[in-house]
Structure formats: C-alpha cells, structure tokens
Amino acid sequence: MTAPIPRDIPDLPAIPGMPALLPSPVPATAVVEPVRRPLIAVFRLLTALTAITGVTIYMLLGSPLRVLGYFAIQSSILLALAMLLSARRAWTARRPLPAALTGAVLLYTLITALVYHLLLANATTPFVMTDSPAAASSLWHSAANHLLHTAVPAAAMVDWLLLTAPGTLRLRRAPGWLLYPLAYLIFSFLRGELLLPGTPGRYLYPFLDVEAHGYKGVLGNALLLGLSFYALAVLLVALDHARPNPLRHRFKTGFRLQPPVG
C-alpha cells in the first residue's frame, strides 16, 4: 500500500538557479606574451635626438624666447617627447602610447612640413626663424631648417607607416586635434598686440601678419588653413584604417591544449 497523499503540501523553497556569469573580457596583455622591440626603440630614440638637435641649433642661433614661439619648434618638441616615451615603451615591452596622443603629434609634425614646403620655402622673401641675418645665411641654420621641416617629419611618417599597428586612429578625435592650432592662432594675435608696431618678428609667420593683411585677411587665411588641417586629419584616419599591419606576427599565449584523458 502507498501512503496517502497529504492534502496540504507545505511550500518548498525555490531552488536557486545558476548565477549569471558577468562578462569579463580578458585583455590581450593577459594572454599575449609582451614583446620587446629594441630596433623600433632605437629608431624612435634617433628621431627624438634629431628633433632635439634641430631645436637646439635654432636656440643657439637666435633669441630663445622668439624661437620657442614658432609652431615648428613647439611641434618638434612635442614629437621628441612622444618619441622618447614610445622608445622606452618599445624597449621595455609595454603598451604603446594612446593613439589620440600619437595621432595629434603626427598631425602637427606634418603640418609643420607641409606649411613650410608649400607656403614658406617658395616665398619671394626667405623665411627665417632667427633675428640675425648672418645666422640665417649660415650652414647651421640651413641644417636645422632641413632637420625640422624635412628629416623629422619623414622619420615620423616612417615610424607611423612601418612601425605602428594600424586601425587605432578615430575620426571623432580629429576636431580635438585642431584645438592646439587654434590656441596657437590666439597666441599669435596676443603676441602681436603685446609687441610694439614695427618690432622685428612681431608676427612669426607671414600669413598671420596682421600688419600686412589685417585681421580680416589673417582670419581668412586661418580658416583656409584650419579646413586644410582637418582634411589632413581625416586623411590620416582613413589611411590608418586602410594600410596593412606591419607588425602582424603569431603571438604566444599562455593557453596549452591538452589531449583528452581516457
């Protein structure tokens, strides 16, 4: 005989279900063995030293306060600092610098090269960044000119194209990269207002010379340059996503597949 079924069955506690697993993506640095890149570190160190050499020559040839006011000098200093940090990270197998930083520095370096070769080198009046005519015609001045406006930008492009992983630049960062050129334009206006009219080098670049073109003309030049700089930033982002990966190789991970037991 079976036991009678009780009329009142007590409520049983609910069986707890399996807890939901929270998504926890494993970063690549946790499974990929860090790789030291000494050759890349040496190349970036040499690029930084080249930029520092050009800046130092200009500082010795002219007034340091005036020389530091040029966009080419400031962008070269930024590039040298970025290259030194990148060289250290490549030597010690650490993660590279943020792409937002390296992309901005690359853009400023290319702006320096393009503005010089397209607008300043072919001008009727020779463009110089010193206040001494004798220093401007010296071999040292010519060497510093080629270092900062040709050799350093070319090295920065080689590093970006051949020694940097692609697909890291983002279009949404391009407007933020233009804040520094905009700040430099404001700096140029303020510097010109603080100096007396007729002061040599009151406006450091001829297309920003308010005395020659007026504020309306300078603002028009700045607008055209700003649009060109933004187009250059967009082009860099597009090329970054279209170029192949020069650093592609097989990584060694910490996972080892074992044969089935039994």
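A quick note: this is a predicted structure, and the numbers were derived from the prediction, not measured.

S.K.: How should helix α4 (residues 71–91) be read in this particular structure?
M.R.: Owing to its 3.6 residues per turn, the α-helix brings residues three or four apart onto one side. Between its terminal C-alpha atoms α4 stretches 30 Å, which fits the 30 Å expected from 21 residues at 1.5 Å a residue. Looking at α4, one finds that the buried residues are Phe 71, Ala 72, Ile 73, Ser 75, Ser 76, Leu 79, Ala 80, Ala 82, Met 83, Ser 86, Ala 87 and Ala 90. Packed against the buried residues of α4 are α2 (38–61), α3 (64–67), α5 (99–120), α7 (139–162) and α9 (179–194). At the exit of α4 stands Ala 93, carrying a positive phi of roughly 60°.

S.K.: Where do I start with a nonpolar patch on the surface in this structure?
M.R.: Nonpolar side chains collect at one region of the surface, where Val 42, Leu 45, Leu 46, Leu 49, Ile 52, Leu 68, Ile 77, Leu 81, Leu 84 and Trp 91 lie side by side and expose about 820 Å² of accessible area between them. Examining the composition of the nonpolar patch, we find that five residues originate from one element, α2, more than from any other. Its relative accessible area of 38% is what places Leu 45 among the partly exposed residues.

S.K.: What is the right way to look at the pattern of salt bridges in this model?
M.R.: Opposite charge on two side chains permits them to pair, given that their charged atoms come into close proximity. For the structure shown, the criterion picks out three salt bridges. For Arg 202, the salt bridge identified is with Glu 211, shortest N-O distance 2.5 Å. For Glu 211, a relative accessible area of 46% puts it in the partly exposed group.

S.K.: Any chance you could explain the side chain of Asp 240 here in plain terms?
M.R.: Relative to the assigned elements, Asp 240 resides in helix α10 (residues 210–242). Of the polar contacts made by the side chain of Asp 240, one reaches the backbone nitrogen of Thr 168; its length is 2.8 Å. Excluding residues within four positions of it along the chain, Asp 240 makes contact with Trp 160, Ala 165, Pro 166, Gly 167, Thr 168 and Leu 169.

S.K.: Just checking my understanding: could you explain the packing of α4 against α7 for this structure?
M.R.: Between two packed helices, what matters for the description is the angle formed by their axes and the separation of those axes. Packing of α4 against α7 brings their axes to within 12 Å, and their N-to-C directions diverge by 35°. The way α4 lies across α7 gives a crossing that is left-handed. The residues of α7 that touch α4, namely those facing Ala 72, Ile 73, Ser 76, Leu 79 and Met 83, are Leu 148, His 149, Val 152, Ala 156 and Asp 159. Across the contact of α4 with α7, the residue classes break down as seven nonpolar, two polar and one charged.

What counts and what doesn't
Residues numbered from 1 in each chain as written. Predicted model: local features only at pLDDT ≥ 70, side-chain atom pairs only at ≥ 80, totals over all residues. Heavy atoms only, no water. Helix = DSSP H or I, 4+ residues; strand = E, 2+ residues; numbered from the N terminus. Expected span 1.5 Å × (residues − 1). Buried < 20%, exposed > 50% of the residue type's maximum accessible area, 1.4 Å probe, protein only. Contact = heavy atoms within 4.5 Å. Patch = residues over 30% accessible without salt bridge, like charges linked within 9 Å, V, L, I, M, F, W, Y side chains within 5 Å. Areas by Shrake-Rupley, 256 points an atom, 1.4 Å probe, with all protein chains shown as cover. Salt bridge = Lys/Arg side-chain N within 4 Å of Asp/Glu carboxyl O. Polar contact = N/O pair within 3.5 Å; in protein donor to acceptor, adjacent residues only side chain to side chain. Axes fitted to C-alpha atoms, helices over the stretch in contact; angles between N-to-C directions. Left-handed = near helix turned anticlockwise from the far one by under 90°. Nonpolar A, V, L, I, M, F, W, Y, C, P; charged D, E, K, R; others polar.

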